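What follows is the residue order along each chain.
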Amino acid sequence: AVVSTQSTGYTQTDEEDMGLTYNELNDIGRIRKIDRCGPFFMYKRLSCMWEMPPKDLGDKVKLFFQKYAMNRHKSCVVTPAYLCEQYSPDDNRFDLRPFLYNPKWDVQ
């Protein structure tokens, strides 16, 4: 969320700016990271977990993956590692996940 300067009495909430609550982000993050689900299977999992109209659920999943695709490259920046061994846990050479995504998600 971006810090905004508004008149006094204004309360900025990150959840309104993001379009997702922190509880929703927690569920989505677990499904994406632990269960390794993409947009389609995430939609199927969340349809069983959340009581929400299908259109709204689809919009939330699309919003998450659009924002994820736009910001994924930022998590690939790694500080230089102090290498005492040939393999360091801080080394990122063996992370083969893609980091550039099409944010439109035309195809899964």
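Our structure's up above, just so we're on the same page.
Rules of the game
- Residues numbered from 1 in each chain as written.
- Predicted model: local features only at pLDDT ≥ 70, side-chain atom pairs only at ≥ 80, totals over all residues.
- Heavy atoms only, no water.
- Helix = DSSP H or I, 4+ residues; strand = E, 2+ residues; numbered from the N terminus.
- Buried < 20%, exposed > 50% of the residue type's maximum accessible area, 1.4 Å probe, protein only.
- Contact = heavy atoms within 4.5 Å.
- Areas by Shrake-Rupley, 256 points an atom, 1.4 Å probe, with all protein chains shown as cover.
- Polar contact = N/O pair within 3.5 Å; in protein donor to acceptor, adjacent residues only side chain to side chain.
- Phe/Tyr/Trp six-rings, centres within 6.5 Å; stacked < 30°, edge-to-face > 60°.
- Axes fitted to C-alpha atoms, helices over the stretch in contact; angles between N-to-C directions.
- Parallel < 35°, antiparallel > 145°, perpendicular 65-115°, else oblique.
- Left-handed = near helix turned anticlockwise from the far one by under 90°.
- Nonpolar A, V, L, I, M, F, W, Y, C, P; charged D, E, K, R; others polar.

*Asks:* Account for the overall build of the protein, with residues named and values stated.
*Replies:* Each helix and strand in the protein was counted, giving four helices and zero strands. Counting all 108 residues of the protein, 19% fall into the buried class. Intrachain contacts of the protein at a sequence separation of at least 6 include 42% that bridge at least 24 residues. Surface exposure of the protein reaches about 8,700 Å², of which carbon and sulfur atoms provide 55%.

*Asks:* Please provide a residue-by-residue account of the side chain of Lys60, values included.
*Replies:* You can see Lys60 is positioned in helix H4 (residues 54-71). A distance of 3.3 Å separates a polar atom in the side chain of Lys60 from the backbone oxygen of Gly19. Setting aside its immediate chain neighbours within four residues, Lys60 contacts Gly19, Leu20, Glu24, Trp50 and Met52.

*Asks:* Summarise the packing of aromatic side chains; cite the residues concerned and give the values.
*Replies:* Under the counting rule described, the total for this entry stands at four aromatic pairs. Measuring from ring centre to ring centre gives 6.3 Å for Phe65 and Tyr68, while their planes differ by 80°; the resulting arrangement is edge-to-face. Taken together, the positions of Phe65 and Tyr68, both in helix H4 and three residues apart, correspond to about one turn of that helix. The residues Phe65 and Tyr68 share a single accessibility class, namely buried. Among the aromatic side chains, those forming a connected cluster through ring pairs are Phe64, Phe65 and Tyr68.

*Asks:* Give a description of the environment of Asn102 that names residues and reports values.
*Replies:* Among the secondary structure elements, Asn102 is positioned in the segment after H4. Residue Asn102 is classed as partly exposed on the basis of its relative accessible area, which comes to 42%. Taking the C-alpha atoms as reference points, Asn102 and Gln66, separated by 36 residues in sequence, lie 8.3 Å from one another.

*Asks:* Please give an account of the packing of helix H2 (residues 22-33) against helix H3 (residues 39-49) that cites residues and values.
*Replies:* Remark: H2 packs on H3, axes separated minimally by 10 Å, with the N-to-C direction vectors making an angle of 135°. If you check the angle between H2 and H3, you find them oblique. You can see that H2 and H3 cross each other, and the crossing is right-handed. In this structure, H2 contributes Asp27, Ile28, Ile31 and Arg32 to the contact, and H3 contributes Met42, Arg45, Leu46 and Met49. The residue inventory of the contact of H2 with H3, partitioned by class, reads five nonpolar, no polar and three charged.

Purely spatial values, then, with no claim about function.
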